[in-house]
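Listed below are the residues making up each chain.
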Amino acid sequence: MLYPNGKRILAIDLRSRSFGFAVFEGPTRLLDWGVRSFRSGVNAVRVPVYKKFAELMNDSSPSAIVVQKDFFESKRKTGMRNALLKQAERDRIPIRFVTRRAVKNVFPGCSRNKYTIAAALAKQLPELAPRLPGVRKIWKSEDYRMGIFDAAALGVAYFHGSKPAEPEDSAPRPAPGP
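For clarity, every value in this text was computed on a predicted model and none was experimentally measured.

Draft legend 1. Structural view of the environment of Leu56. Relative to the elements of secondary structure, Leu56 occurs in helix α1 (residues 49-60). For the pair Leu56 and Val23, spaced 33 residues apart in the sequence, the C-alpha separation amounts to 9.6 Å.

This is how it looks when you write it as structure tokens:
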């Protein structure tokens, strides 16, 4: 097992103008969830992203943060990625990476699209069921609430034994000596 009983994790789904989050204590106990946005223009959110991460980490007190590895390999969205990394380092919270493939492996019959995974999560975690958006039409943009389900899927994948992926640039750790 990757976790002792009661390990609290904060799963975060980073997007260009928002992030979804889910706080887990063990694989089936969802403590908190939501979406934080960073709109620009007339309706701009005035709280900086690093303050939102700090508040979230302070409120949830996670022992690890789980994010999608593919996001960290992307060249885009570096401001939000850097804010998360700085806050995690400041609070001394390790970041664990989960791949898209690991998420799909946890939901074997649901890997056709994100909605089928979200529907399976709503059954597994009934507290999320009222937040489940309808099936997206191809001409519509994705519902902002999908960030909650993407974050929850990362958390479930982390707890279901999917080995968290190591960052590409991390140096291998030496084996402990005698």
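Draft legend 2. Highlighting the sheet that holds strand β1 (residues 8-14). With mixed pairing, five strands are arranged side by side in an open sheet as β3-β2-β1-β4-β5. Of all the strands in the sheet, the pair left with one neighbour each is β3 (30-37) and β5 (95-98). Strand-to-strand twist across the sheet, computed as the mean angle between neighbouring axes with direction ignored, equals 20°. As defined by bridge partners, strand β4 (residues 64-68) adjoins β5 across four bridges and the pair is classed as parallel. Across the sheet, Gln68 pairs through a bridge with Val98, a residue of β5. Helix-sheet contacts for α1 involve β1, β2 (18-25), β3 and β4, and the interaxial angle to β1 is about 155°. The strands that helix α6 (residues 146-159) touches are β1, β2, β3, β4 and β5; relative to β1, the one it contacts most, it runs at about 135°.

Draft legend 3. View of the side chain of Lys52. With respect to the element layout, Lys52 can be found in helix α1. Buried within the structure, Lys52 lacks any salt-bridge partner; Glu55 is the closest side chain of opposite charge, at an N-O distance of 8.2 Å. In terms of polar contacts, Lys52 uses its side chain to reach the backbone carbonyl oxygen of Ser37, at 3.0 Å.

About the thresholds
- Residues numbered from 1 in each chain as written.
- Predicted model: local features only at pLDDT ≥ 70, side-chain atom pairs only at ≥ 80, totals over all residues.
- Heavy atoms only, no water.
- Helix = DSSP H or I, 4+ residues; strand = E, 2+ residues; numbered from the N terminus.
- Pairing = 2+ DSSP bridges.
- Axes fitted to C-alpha atoms, helices over the stretch in contact; angles between N-to-C directions.
- Contact = heavy atoms within 4.5 Å.
- Buried < 20%, exposed > 50% of the residue type's maximum accessible area, 1.4 Å probe, protein only.
- Lys, Arg positive; Asp, Glu negative; His and termini not counted.
- Salt bridge = Lys/Arg side-chain N within 4 Å of Asp/Glu carboxyl O.
- Polar contact = N/O pair within 3.5 Å; in protein donor to acceptor, adjacent residues only side chain to side chain.

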